[in-house]
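# Coordinates in review
Single-letter residue listing:
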Amino acid sequence: MFSYRHAFHAGSHADILKHLTLIHLVEYLQEKPGALTIVDTHAGAGIYSLLDGFASVSKEADGGIFRLAKFVESCSADGISVVKSIQDYLNLIQAENVDGEIAIYPGSPFILAHLLRPQDRLKLFELHPKEIDILRHNISQLKQAKQIDIYAVDSFARLKGLLPPPSRRGLVLIDPSYEDKQDYRYLETAMEEALQRFATGCYAIWYPALSRRESTALPDRMKKIAVNHKRSWLHAELRVENAPGEKRLQASGMFIINPPWTLKKYLGEALPVLIKALGNDSGAKFILKSFEA
Ligand code: SAM
């Protein structure tokens, strides 16, 4: 426990899928003026330097955000416009950097803080003793800091205490490290409890697509929970390569419960572009499935 540091993975292809999806969920929910409560159950440090520290060791951003930025740049040099969703996502990442030159990658807390309107609230959970201090420091620098609460407790156990939010309009990002195999089980319990208390909330669950049993079973387990609660779902997976035996993460997914009706089209346009930009071999592919309750 506590060996996971998200800085190793900041700006990876998995972050791109997760954050691209997250931006659409927030923007859709903000189409109505009512206050929105956003919960990020696994926050990490908030923002990451890509040029030094852990990220410069793992170099995962090379196959992620750096590669995507170069792809978009070469498209525009050739007069080809990439889909708006990817351009908007890149603009948001570049806005956290000086002169748009990507050296820093905002994690979910900073992306969400960036999108907050004055009436919205952001609740962040983080358990790691070092990450929580860094997160608190990073968040304290933001102009939106007063709209943000930070909890140094186990979010799987405490999420239900925040549900339903006072405005009954809520988005929950669940992005565990799955460092502890039990996280898969904790996730199921947390989702059951969350849907019992707040069935109409929008839930976005990230998972690594690994060959281990718990990981391959996760989408079906989430589908079962959603259907038992008569909820719609959307499942998206992005695989950048298929190299058996390779240790680095080659694919990840997002499972959304109560997705906006617009999400399938949004991801349907973005995912083929991500395959083109980030795919490493002929095994690069995506999954995009949904079910209307
Ligand atoms: N959501 C972040 C982003 O997109 O930028 C990345 C989060 S990272 C994948 C997962 C984080 O969850 C780690 O920093 C880890 O310390 C923290 N964590 C692990 N178990 C937790 C728990 N039960 N409650 C709260 N935080 C936890």
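Before reading on, note that the structure itself is shown above.
## Regarding the pattern of salt bridges
Scanning the entire structure with this criterion turns up 14 salt bridges. A salt bridge links Glu214 to Arg212, with the shortest nitrogen-to-oxygen separation between them at 3.5 Å. The shortest N-O distance in the salt bridge between Arg248 and Glu246 comes to 3.6 Å. With relative accessibility at 49%, the residue Arg248 sits in the partly exposed group. Among the ionic contacts, a cluster of salt bridges with common partners joins Asp15, Lys18 and Asp175.

## As for the pairing of strand E6 (residues 170–174)
For E6, a buried count of 5 out of 5 residues is recorded, marking the element as mostly surrounded by other parts of the structure. Burial along E6 is two-sided: the face carrying Gly170, Val172 and Ile174 and the face carrying Leu171 and Leu173 are both buried. Pairing of E6 with strand E7 (residues 202–208), which is carried by 4 bridges, proceeds in the parallel orientation. Residue pairing for E7: Ile174 is matched across the bridge by Ile205. For the handedness criterion, the β-α-β arrangement of E6, helix H8 (residues 183–197) and E7 is classed as right-handed.

## Topic: helix H1 (residues 13–29)
The end-to-end C-alpha distance of H1 is 25 Å, a good match for the 24 Å that 17 residues give at a rise of 1.5 Å each. With 15 of 17 residues buried, H1 lies mostly within the body of the structure.

About the cut-offs
Residues numbered from 1 in each chain as written. Predicted model: local features only at pLDDT ≥ 70, side-chain atom pairs only at ≥ 80, totals over all residues. Heavy atoms only, no water. Salt bridge = Lys/Arg side-chain N within 4 Å of Asp/Glu carboxyl O. Buried < 20%, exposed > 50% of the residue type's maximum accessible area, 1.4 Å probe, protein only. Helix = DSSP H or I, 4+ residues; strand = E, 2+ residues; numbered from the N terminus. Pairing = 2+ DSSP bridges. Right-handed = clockwise from strand over helix to strand, strands pointing away. Expected span 1.5 Å × (residues − 1).

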